[in-house]
Amino acid sequence: MSDDSDVLVRERIEAELRARGIRLGLPLVLVDETGSTNDLASEEAMKDIAHGALILADRQTRGRGRLGRKWFSPGGQNLYMSLVLRPQVPVERLAAITLVIGLGVAEGIAGFVPGVEVGLKWPNDVLIARRKAVGILVEASMSGALVRHVIAGIGVDVLQRSFDPEIASIATSIALHAAQPPDRTTVLVEVLGHLQRRLEQFEREGIDAMLEDLRARDATRGHRVRCVAGEGTGAGIAQDGALRVQLAQGELVTVRAGDVHLL
Ligand code: BTN
């Protein structure tokens, strides 16, 4: 199966964001190629680029994921982007921002795959029909107890139809589930619109107001999982954004770190 591709054009993206009143994503830095947009975004953040700025690349040569993993980043097909955020939230509430971003991205892509389940795998994956289509890598820069900035790196597989053997059994893309594959700009603008709404809500109200929506998208609930504490069944997202797991031995644990694997 051959892959589709399209071209990202800065003026078009900016015009569409402005036309929809979306401020997140502006200013926009668009490059053909970079090592990792998270690194470029950190450099820009150090130079005081504004809150909400977006670093977007057509392809990455050293795209990275959590826990030192590689993020496959071929050109012309997917979105590789990093937002520079300076969220007005106390540091003890910041950990939940990954889930908030996941929720916004999930809502942003759901409209392109009507009738197909778009779920969140705690803490940072968005799944389409239970396969990974989005990865999120949040990196915070702290100065003592103060958050200087947060880099929210988001990779969305949009048009790619074939994957490296290493990830072929777990990866998917929007194009593989959409009747008509959308272009990357349309997906980007939709995702940024939803992200803006959720991030503003997070600053105002914390995750309380979105717990119901987070729980409705929880792909681990009722499913067998493996987490740092062992194997068990997803038992829902807690009030503070942690994941509860009912271990096979009977104990109910709260997971706040590490990876959770769907079995
Ligand atoms: C993961 O699933 O482990 C997170 C993957 C995050 C990938 C995105 S692509 C844009 C940004 N730049 C990177 O190098 N990584 C993130």
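Bear in mind the structure is a predicted one, so any value in this text is a computation, not a measurement.

### Some remarks on the environment of alanine 106
Within the secondary structure layout, alanine 106 lies in helix 3 (residues 97–110). Beyond its immediate sequence surroundings of up to four residues, alanine 106 is in contact with Val118, Val126 and Arg217.

### Quick word on the domain arrangement of the protein chain
Its domain assignment divides the protein chain into domain 1 (4–216) and domain 2 (224–262). Inter-centroid distance (C-alpha atoms) of domain 1 to domain 2 is 25 Å. On the side of domain 2, 14 residues touch domain 1, which itself brings 15 residues to the contact. Surface buried jointly by domain 1 and domain 2 totals about 1,200 Å² across both partners, of which 55% is contributed by carbon and sulfur atoms.

### Some details on the sheet that holds strand 1 (residues 28–34)
Overall, mixed pairing links the seven strands, which are arranged 1-2-3-7-6-5-4 in an open sheet. Whereas interior strands pair on both sides, the edge strands pair on one side only; in this sheet they are strand 1 and strand 4 (118–121). Each strand of the sheet is rotated relative to its neighbour by a mean of 20 degrees, with strand direction disregarded. Looking at chain direction, strand 4 and strand 5 (residues 125–128) are connected through four bridges and run antiparallel. Counted as the bridge partner of valine 118 is isoleucine 128 from strand 5. The sheet contacts of helix 3 involve strand 3 (79–85), strand 4, strand 5, strand 6 (131–143) and strand 7 (146–156), and relative to strand 6 the element is tilted by about 145 degrees.

### Observations regarding the packing of helix 1 (residues 10–19) against helix 4 (residues 184–205)
As a packed pair, helix 1 and helix 4 sit with axes 10 Å apart at the nearest point and diverge in direction by 40 degrees. Between helix 1 and helix 4 lies a crossing whose hand is right-handed. Packed against helix 1, whose contacting residues are Arg12, Ile13, Glu16 and Leu17, the element helix 4 presents Thr185, Thr186, Leu188, Val189 and Leu192 at the interface.

### Digging into helix 2 (residues 37–46)
Buried residues of helix 2: Thr37, Asn38, Leu40, Ala41, Glu44 and Ala45, and no others. Around the axis of helix 2, the buried residues are gathered within 160 degrees of arc, so they sit on the same side.

### Section: the site of the ligand
Taken together, 21 residues sit near the ligand, with Ser36, Gln60, Arg64, Arg66 and Lys132 positioned nearest. Here an oxygen atom of the ligand and a backbone polar atom of arginine 66 are 2.6 Å apart. About the coverage of the ligand: the protein hides 98% of its 410 Å² of free accessible area. Where the shell around the ligand is concerned, the elements lending two or more residues are helix 2, strand 3, strand 6 and strand 7. Here the element with the most residues in the shell around the ligand is strand 6; it accounts for four residues. Residue composition of the shell around the ligand, grouped by class: six nonpolar, 11 polar and four charged.

### Here we look at the side chain of aspartate 58
Along the chain, aspartate 58 turns up in strand 2 (residues 53–60). Within polar-contact distance, the side chain of aspartate 58 engages the side chain of arginine 59 at 3.4 Å. In this structure the side chain of aspartate 58 is engaged in a polar contact, spanning 3.1 Å, whose partner is the backbone nitrogen of glycine 76. Apart from the residues within four sequence positions on either side, aspartate 58 is in contact with Leu8, Val31, Asp32, Pro74, Gly75, Gly76, Tyr80 and Arg184.

### Points about the sheet that holds strand 8 (residues 224–227)
The strand order across the open sheet formed by five strands is 11-10-9-8-12, and the pairing between neighbours is antiparallel. The open sheet has two edge strands, strand 11 (252–255) and strand 12 (261–262), and neither has a second partner. Sheet analysis places strand 8 next to strand 12, joined by two bridges and oriented antiparallel. Across the sheet, the residue bridging to arginine 226 is histidine 261, located in strand 12.

### Structural notes on the packing of aromatic side chains
By the definition in use, this model includes zero aromatic pairs. When the ring centre of phenylalanine 202 is taken as reference, the NZ or CZ atom of arginine 93 above it lies at 5.8 Å.

### Comments concerning the pairing of strand 4
Neither face of strand 4 is exposed, since Val118 and Leu120 on one face and Gly119 and Lys121 on the opposite face are all buried. Count of turn residues in the strand 4/strand 5 antiparallel hairpin: three residues.

Parameters and conventions
Residues numbered from 1 in each chain as written. Predicted model: local features only at pLDDT ≥ 70, side-chain atom pairs only at ≥ 80, totals over all residues. Heavy atoms only, no water. Helix = DSSP H or I, 4+ residues; strand = E, 2+ residues; numbered from the N terminus. Contact = heavy atoms within 4.5 Å. Domains from an automatic or database assignment. Buried area = accessible area lost by both parts, 1.4 Å probe. Pairing = 2+ DSSP bridges. Axes fitted to C-alpha atoms, helices over the stretch in contact; angles between N-to-C directions. Left-handed = near helix turned anticlockwise from the far one by under 90°. Buried < 20%, exposed > 50% of the residue type's maximum accessible area, 1.4 Å probe, protein only. Arc of directions from axis to C-beta. Near = heavy atom within 4 Å. Polar contact = N/O pair within 3.5 Å; in protein donor to acceptor, adjacent residues only side chain to side chain. Areas by Shrake-Rupley, 256 points an atom, 1.4 Å probe, with all protein chains shown as cover. Nonpolar A, V, L, I, M, F, W, Y, C, P; charged D, E, K, R; others polar. Phe/Tyr/Trp six-rings, centres within 6.5 Å; stacked < 30°, edge-to-face > 60°. Lys NZ or Arg CZ within 6 Å of the ring centre and 35° of its normal.

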